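Below, each chain spelled out in residue letters.
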Amino acid sequence: MAKGGREHFGSRSAAVMAMAGSAIGLGNIWRFPYMVGQNGGAAFIIIYLLAAFFLSLPILLSESIIGRATHANTFGAMEKLSPGTRWKWLGILTVVSPLIILSYYSVVGGWSIEYLLKASGSGFGDDISTLFGEFIVQPWAPLICHTLFLLLTAGVVSAGVKSGIERFNRISLPVLFVLIVIIMIYALTLPGSGEGVRYMLKPDFSKITPSVVASAMGQSFFSLSLGVGTILTYSSYMKREENLFRSGVGTAVFDLLFALIAGFAIMPAVFAAGIQPGAGPGLIFETLPYIFAKMGVAAPWLSRGVSILFFLTIVIAALTSSISMCEVGVAYVVEERGMSRGKATVLIFGATWLLGALCSLSFGPLSGVKILGKTIFDFCDTLTSDYLMTFGSLLFVLFVGWKMKRETVWNEFTNGGSLRGSVRVFRAVYFLIRYVAPLVILTIFVTNLLA
Ligand code: TRP
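Just so it is clear, the structure is predicted and the values come from calculations on it, not from any experiment. (Residues numbered from 1 in each chain as written. Predicted model: local features only at pLDDT ≥ 70, side-chain atom pairs only at ≥ 80, totals over all residues. Heavy atoms only, no water.)

## With respect to the packing of aromatic side chains
By the definition in use, this model includes 30 aromatic pairs. Centre to centre, the rings of Y387 and F445 are 6.2 Å apart; their planes meet at 85°, and the pair counts as edge-to-face. In this pair, Y387 is assigned in helix 16 (residues 376–403) and F445 in helix 18 (residues 420–450), connecting sequence segments 58 residues apart. Residue class for Y387 comes out partly exposed when judged on its relative accessible area of 24%. For F445, a relative accessible area of 18% translates into the label buried. Ring centres 5.6 Å apart and planes at 90° place the aromatic pair W402 and Y435 in the edge-to-face group. Of the two residues, W402 is situated in helix 16 and Y435 in helix 18; the sequence distance between them amounts to 33 residues. The class of W402 is partly exposed, set by a relative accessible area of 47%. Note on Y435: relative accessible area 38%, which makes it partly exposed. Chaining the aromatic ring pairs together yields one cluster made of Y104, W111, Y115, F124, F132, F285, F310, F311, F363 and F377. Its guanidinium or amino end placed over the ring of F222, R31 lies 4.9 Å from that ring's centre, counting from NZ or CZ. Directly above the ring of F135 sits K118, whose terminal nitrogen or CZ lies 5.4 Å from the centroid. (Phe/Tyr/Trp six-rings, centres within 6.5 Å; stacked < 30°, edge-to-face > 60°. Helix = DSSP H or I, 4+ residues; strand = E, 2+ residues; numbered from the N terminus. Buried < 20%, exposed > 50% of the residue type's maximum accessible area, 1.4 Å probe, protein only. Lys NZ or Arg CZ within 6 Å of the ring centre and 35° of its normal.)

Right under this line is the structure:
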């Protein structure tokens, strides 16, 4: 059972900042801009908007409803709402999934630390094209950076919900927006940047196929950190009088805004340098250092300044996400196993460090080790992004839509009828949770399974 004396976020804005901090991360910076350009520009953005508000928001609200109704960790929440049933497995699943994500996410977080250090120290050297490939296959350096990133994460989490997580997000979120806007302004002033803006905006509806729609939805899940109990856990720290609907909408809007600004920061720079945008981490770790170096010839101090700001943005954005993943596990261990927060953090740190180390080494010494044909890193990534997040989301909406009493859901969503706006939208949201979300998620899940 959950113990008494649980902490709460100090205000609604603190809760929104924490949830937005979880949502805003590497997914916004490298995955979103690239997907937009590849999949029909403005046409994709429209699909993404629809997916974010009609599919992801109901899932997010489902997690919020469970979290705040119980004021407990994911496992405790299931035990409270449906004691002694198989729903406890959903609680267990959502303790484990974020820890798997944290393991490989912190490897990438470690790479960004390395690049931040490089940008502020010796620079990226002459041979940028091979730098990334050579770095990640090394055994030690990436491992040390992974350790450092995880230590920073655990450090914030161990300081507590209010003085650790809330405080860190309250400072980081505004800083992130300021940084990304500075980078965007800079990128938009580069000669040749117009091409990048067109890449992001040119609507091409012919590119919208069923699989593009499915990947827009998948991206929206990933970006909002759904299906793995992070939103549930953060919502469990929200006070009774807070407005779940408004907080959820706020989180989705911040996340979307950040993704769009990141797109207008990255793509114009990419096109100004005259290169084709590539997918995935390559965009951040190969393309951008190259661009910074190219600019460096004309204005060395400016290029160095911008590259430091850019990698700082990535490190902070990744940290606000990794902290939320870590908290899910820590809350579980503290409340269900009765451990102190400090000890619980050490335990979670140890477990994720180990799996993360295997992920890190899977680029070099362990590259021969394959699980179902994938390296350890890729396996953890696919398992969580393609399966566990969708599966968890499905179970959350089914639980709120079909297992919980409608009255309980209504009470939680409208604060006992006192929130007029929420009363008005309740029926629509409930319909989306009950019928639309499960069917759509099931379709995505089966598509992933068959792919
Ligand atoms: N939303 C994060 C990002 O955009 C990544 C993420 C995926 C995540 N699943 C999560 C974060 C679960 C926290 C918890 O980078």
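## Notes on the pattern of salt bridges
For the coordinates displayed, the defined rule picks out eight salt bridges. A salt bridge links R6 to E335, with the shortest nitrogen-to-oxygen separation between them at 2.6 Å. Here E335 lies in helix 14 (residues 300–337) and R6 lies in the segment before helix 1 (12–23), a separation of 329 residues in the sequence. There is no split in this pair, since R6 and E335 are both buried. R198 is the salt-bridge partner of E195, the closest N and O atoms lying 3.4 Å from each other. Here R198 and E195 lie together in helix 9 (residues 194–201), a separation of three residues that amounts to about one turn. (Salt bridge = Lys/Arg side-chain N within 4 Å of Asp/Glu carboxyl O.)

## What about the site of the ligand?
The environment of the ligand is made up of 17 residues, and the closest members are A23, L26, G27, Y105 and F222. Contact between the ligand and L26: an oxygen atom at 2.9 Å from a main-chain N or O atom of the residue. A distance of 3.1 Å separates a nitrogen atom of the ligand from a polar side-chain atom of S225. Within the complex, 100% of the 360 Å² of free accessible area of the ligand lies under protein. Within the residue set of the shell around the ligand, elements represented by two or more residues are helix 1, helix 2 (26–38), helix 5 (88–120), helix 10 (210–223) and helix 14. Broken down by class, the residue content of the shell around the ligand amounts to eight nonpolar, nine polar and no charged. (Near = heavy atom within 4 Å. Polar contact = N/O pair within 3.5 Å; in protein donor to acceptor, adjacent residues only side chain to side chain. Areas by Shrake-Rupley, 256 points an atom, 1.4 Å probe, with all protein chains shown as cover. Nonpolar A, V, L, I, M, F, W, Y, C, P; charged D, E, K, R; others polar.)

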